[in-house]
Amino acid sequence: MDAFYASVEQNDHPEYRGLPVIVGGASGKRGVVSACSYEARKFGIHSAMPATWAKRLCPHAIFVPVNMKRYQEVSRVIMNIFDDFTPEKIQISVDEAFLDMSGTERLFGPPEKTALLLKERVKTATGLTLSVGIAHNHLLAKLASDFDKPDGLVFVRKGEELAFLDRIDLKDIWGLGKKTLETLNAFNITTVKQLRETDISMLQKITGKAAGDFLYKASRGIDPGIHSERVKNRSISSEVTFEEDTRNIEGLHKTLLHLADQIMFRMLEQGYIGKTVFIKLRYSDFTTFTARQTLKHPLRSEEEIHRVALDLLKKKWDNHSLIRLIGLGVSSLEKKDSHQQIELFSDAADQHSKVENAVQIIRSKGRNIKKASLIPPHKNGL
Amino acid sequence: MKFTCNKDLIIKEISIAQEIISSRNSISILSNVLLEADNNTLTIRATDLKVGFETKIPVEVAQSGSTTVFCDKFLSILRSLPDGDIEFSQKDDNRFIINPLFNKIDFQLKSINADKFPEIQDISDDNYFQLPQKELMDMIGQTVFAVSDDETRYYMNGVYLEHEDNTLSMVATDGRRLSFIKTIFDEENINFDPVIVPTKILHLVKKLSSGEGIIALAVTDNNIFVKFDNQKLSSNLIKGQFPNYKRVIPESQEYEVRINRLQVMEALKRVSLLVEQKSRRIFLNFIENSLIINSEESELGVAKEELECSFTGPETSIALNYQYLLDPLKVIDDEEVLIRFSGANKAITIVPTSEKDLFHIVMPMQLD
């Protein structure tokens, strides 16, 4: 999808259309940009940028809070459309998916035609545009989809892989991080072509064995397998940057509960289970720490996530340093499958889990239902 | 302090002491073993503050006294020495001297005064009750493997020991399977509330017991004490609420199959080679007069084995973790076992064909 969160906002609020919209950091004070519209990008704003900078770059931008629930709702509509095209869908984020269209030519016609049909159906259903990349592997398809945003359609045919890759900036090679890019630049490798002409043993020497192998393959258009179904370490996480740095323990506990709530529901909604809880703490001086704990059994309720998070906070934090940002997540996620072990005893966690499943069903019908402790106190007191 | 003792005799006990002492990394009094020589007896003590161990061995004491030394090093030194008698002595300046007789070997190990050594819980003799060692070993063996190693379910990290009317039972569960064994127990003066016993002491008892003679137990609210041969072990108990296990014991099950135990085990071992090792899911398919065990079709392939068994009834498929089947089959020592079940998502029970009062319950996994 193109600038997904911002596009949803613009679509839901016609008055935002054509204007620079920034999702996240709504107060304009603290927090970071989660997403921004193409209009905002013209000002040099990009996601993960502190909201204060964005404000400076574009003072008249419209700041809106992240409405994850709404984006997920739209995402579901889109993913359902994708499902109509192929059962072989790998969703890699709220607004990205790989569709394996092998053998569907007789149903939908040639690839470009299918892609246009797909774009049209999504546009009709949601009013949103998306960019499609067509290629014979995940790596090339992803690069192709990013190549001509927004509303793009790029088809990389067999035999054209190298020519296509040479038109891509080195920094845009998927899976190539900032650090690796710097390393490569330091060795005068600044284009995909140069990367391809570099000996694999040389690449492995400068970037490490696995990364070297990855780059060698990627520069040749061979899928190194980053987003095949076997992707191992998926995680769901959420974080909050406080308006003001804090050491208020009750506030932190409540924030963690709030985050646990969000995470558990995203896990339920997307059908994941996980055993590892991690927290992230960023102090006033921007030093950042993470801590994790892996349980022997899958996390069953937000209460459980919250409890582990509190343990981790207790271990990691000195109860004194001012905290700027706190994050919580569950990693090593796996698709909840049918062959689950049945339990002998139903305990408190099972009860919580049942309640949360029920709440999840209610929420998915668009009702607002939340824990009493997560309702902000009444302004004038109760 | 000065005493002489044979290497083989002391090394056996010191290696047990080292097993009790868990933290090898930090050097403190808890990494030390206590040695007390008196009356031609050497008393050896070790503890990790949870489990305590005491044993007595006959030695030749020239001068009585006591000390403590770093157990890990002491054991390594003993292992390195030639066979034969060794003379041990304590010097005033906190040095423990190890001199093998007829050798020019001299080890001086730093020692810590014995009065720094933590007290090991003890209890008077009249609190003990007795059981044949073999019986207790059997009870431990039938249950201890089933406990949970999930620390967040700490109340399942031990074996539940319950004295009810004139029976003594042990129960262990990890929440997915449960093992139970009961024995007759008619010591009238002994009464205690059910307790959760940590596995460490049970494994130790099982390892150290000769399996012959009598073993004595005492249970208080906080500790369990075990005495056998010339050894004493004690452990604190796990505080917590053991799950209401009686509620999950099936009252009656619809089908019962009699089957050769070793044949099932062998088949499980073979078929499990192609089972996905994370879920360990295997399928049992009961059809008229036979049991088909098969794996799921995977990237690796698929395996299937058919066994004869006494089954009459409608075809039934049950999916479960094969380890949960293998564990109880390993510890039941009858030639044949009975497998009882009611349907796909209901508990199955494995019981011996002999008259023993024990069973193993396994919860299945969901079928697709």
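Located above this text is the structure these notes cover.
What you are looking at is a predicted structure, and each value in this text was computed from that prediction instead of being measured.

Q: Kindly report on the overall build of chain B, identifying the contributing residues and their values.
A: When helices and strands are counted, chain B shows 6 helices and 25 strands. Within chain B, the proportion of its 368 residues that are buried is 55%. Considering only residue pairs separated by 6 or more positions, chain B has 65% of its internal contacts joining residues 24 or more positions apart. Of the roughly 17,500 Å² that chain B leaves accessible, carbon and sulfur atoms contribute 45%.

Q: Please give an account of the sheet that holds strand β18 (residues 255-260) of chain B that cites residues and values.
A: Residues and elements named next belong to chain B. Pairing in this open sheet of 8 strands is antiparallel, and the strands run β14-β11-β12-β13-β25-β24-β23-β18 from one edge to the other. The open sheet has two edge strands with one neighbour each: β14 (195-198) and β18. Sheet twist, expressed as the mean angle between neighbouring strand axes with direction ignored, is 20°. Sheet topology places strand β12 (residues 167-173) next to strand β13 (residues 177-184); 7 bridges connect them, and they run antiparallel. By the bridge assignment, Met170 is partnered in β13 with Ile181. Strand contacts of helix α3 (residues 133-143): β11 (158-164), β12, β13 and β25 (358-362), with the helix running at about 165° to β13, the strand carrying the most contacts.

Q: A description of empty space enclosed by the protein should follow, citing residues and the corresponding values.
A: Residues and elements named next belong to chain B. One pass over the full model with this rule turns up 1 cavity of 30 Å³ or more. The volume enclosed by the largest cavity comes to roughly 60 Å³. Every residue along the wall of the largest cavity is listed here: Leu136, Leu161, Met170, Val197, Ile201, Leu202, Val205, Leu217, Ile224 and Val226. Counting residues per element, the ones that place at least two in the lining of the largest cavity are α4 (199-208) and β16 (223-228).

Q: Lay out the layout of surface pockets in plain terms, naming residues and giving numbers.
A: Residues and elements named next belong to chain B. The volume enclosed by the second largest pocket comes to roughly 400 Å³. When contributions to the lining of the second largest pocket are tallied by element, the ones reaching two or more residues are α4 and β17 (231-236). Classifying every residue of the lining of the second largest pocket by side-chain character gives 5 nonpolar, 4 polar and 5 charged.

Q: Would you mind going over the interface of chain B and chain A in detail, with residue names and values included?
A: By a widely used convention, the size of an interface equals the accessible area lost when the partners come together. With 28 residues of chain B in contact, the opposing surface of chain A contributes 16 residues. A combined buried area of about 2,000 Å² lies between chain B and chain A, and 52% of that area is made up of carbon and sulfur atoms. Run the count over chain B and chain A and you get 2 salt bridges. Split by residue class, the side of chain B that touches chain A holds 11 nonpolar, 8 polar and 9 charged.

Cut-off values and rules
- Residues numbered from 1 in each chain as written.
- Chains lettered and ligands numbered in written order.
- Predicted model: local features only at pLDDT ≥ 70, side-chain atom pairs only at ≥ 80, totals over all residues.
- Heavy atoms only, no water.
- Helix = DSSP H or I, 4+ residues; strand = E, 2+ residues; numbered from the N terminus.
- Buried < 20%, exposed > 50% of the residue type's maximum accessible area, 1.4 Å probe, protein only.
- Contact = heavy atoms within 4.5 Å.
- Areas by Shrake-Rupley, 256 points an atom, 1.4 Å probe, with all protein chains shown as cover.
- Pairing = 2+ DSSP bridges.
- Axes fitted to C-alpha atoms, helices over the stretch in contact; angles between N-to-C directions.
- 1 Å grid on protein atoms, 1.4 Å probe; cavity = no way out; pocket = protein on both sides within 12 Å on 5 of 7 lines; lining within 4 Å.
- Points joined across faces, edges and corners; volume = space filled by probe spheres on them.
- Nonpolar A, V, L, I, M, F, W, Y, C, P; charged D, E, K, R; others polar.
- Buried area = accessible area lost by both parts, 1.4 Å probe.
- Salt bridge = Lys/Arg side-chain N within 4 Å of Asp/Glu carboxyl O.

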